[in-house]
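If you want the building blocks of each chain, they are given just below.
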Amino acid sequence: MLDLMVVEDYEALSQKGADMVASYIVRHPTAALLVATGNTPMGLYSKLAALRTQNGLDTSDLRVFQLDEYLGIGGEDDRSLYGWMAKSFLAPLGIADGQVVRLPGDADDPQSACRAYDEQVRAASSIDLAILGLGPNGHLGFNEPPADPTCTTRVVALSEESIESNSVYWGSRARVPREALTAGMDTILNAKATILVVSGRQKREVLRRTLQGPVTPQLPASYLQRAHLTVIADRDAWGEE
Ligand code: GLP
């Protein structure tokens, strides 16, 4: 079930996304949210925080699941995706540590940390709302191609494309870790609702293939065609009809 919303620009995408997430939280104050970092949802998160300030959105009973993390990186490292989520989402929305299920990049035993994460997803029964960005190579979280719907939360090697695309966050390829922990495809695809935010001309081709191409492990995001999916894309990402 696909709901595609094409809006004018990044500003409108961020506002539309924030309005949708805010109204979801009002209706589901105890929801389990799966929250991406990456550049695309940052505008959504800051507008969501503004809505909370204006309207007093209650976030105190939400649970928040981290989508991905670099292997070997602790929360204090400036490249930590947890740190990025903490600054952009948790702190502005007043979400306490106890409400968060982390993917600890610096765990002694990362594989068992991934299993513990999946246990927590099961304890929540599933994710209620996933807020996702789209990897330039069609990855979700760090489920690099090929990845099918049975992939569980695990440690993965990053592809060359992802090392390249992530280098814009940290200034150089050399600073991008080569492995990561990612929420599994099974966790992501079993979310009761998903909002995918996509912005910019450089995502146009991969977005078209995601929504209109064959469903294939070679493009993990294509499995979202089978999900309860809302896509918010700006005109640059979708193009003209
Ligand atoms: C990154 C992350 C994803 C993110 C995606 C898109 O590599 N692993 O979680 O959603 O790629 O990022 P951006 O929004 O910066 O384009």
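Coordinates for the structure precede this section.
Let me sum up the structure you'll find in this document. (Residues numbered from 1 in each chain as written. Predicted model: local features only at pLDDT ≥ 70, side-chain atom pairs only at ≥ 80, totals over all residues. Heavy atoms only, no water.)

It is worth spelling out the pattern of salt bridges at this point. In this structure the tally under the stated criterion is nine salt bridges. With its nearest N and O atoms 2.9 Å apart, the salt bridge here joins Lys-47 to Glu-11. You can see Lys-47 sitting in helix 2 (residues 42-55) and its partner Glu-11 sitting in helix 1 (residues 10-27), a full 36 residues away along the chain. What makes Lys-47 buried here is its relative accessible area of 17%. Under the relative-accessibility criterion, Glu-11 is labelled partly exposed at 48%. The residue Glu-160 makes a salt bridge to Arg-173 at a minimum N-O spacing of 2.5 Å. On the criterion of sequence distance, the pair formed by Glu-160 in helix 5 (residues 160-170) and Arg-173 in the loop between helix 5 and strand 8 (179-182) is long-range, its members being 13 residues apart. (Salt bridge = Lys/Arg side-chain N within 4 Å of Asp/Glu carboxyl O. Helix = DSSP H or I, 4+ residues; strand = E, 2+ residues; numbered from the N terminus. Buried < 20%, exposed > 50% of the residue type's maximum accessible area, 1.4 Å probe, protein only.)

Bridge analysis of strand 2 (residues 32-35) against strand 3 (residues 63-66) gives four bridges, and the strand direction is parallel. Within strand 3, the residue paired with Leu-33 across the bridge is Val-64. Taking the sense of rotation as the criterion, the β-α-β connection linking strand 2, helix 2 and strand 3 turns out right-handed. Summarising the sheet, strand 3 and strand 5 (residues 100-101) pair through two bridges and their orientation is parallel. Bridging across to strand 5, Phe-65 finds its partner in Val-101. (Pairing = 2+ DSSP bridges. Right-handed = clockwise from strand over helix to strand, strands pointing away.)

Time to look at the packing of aromatic side chains. The description of an aromatic ring pair uses the distance of the two centres, along with the angle that the planes make with each other. Summed over all chains, the structure comprises seven aromatic pairs. With a centroid separation of 6.3 Å and an interplanar angle of 80 degrees, the aromatic rings of Tyr-70 and Trp-170 are classed as edge-to-face. With Tyr-70 in strand 4 (residues 68-70) and Trp-170 in helix 5, this residue pair connects regions lying 100 residues apart in the sequence. On the numbers, 5.9 Å between centres and 75 degrees between planes, the contact of Tyr-169 with Trp-170 is edge-to-face. (Phe/Tyr/Trp six-rings, centres within 6.5 Å; stacked < 30°, edge-to-face > 60°.)

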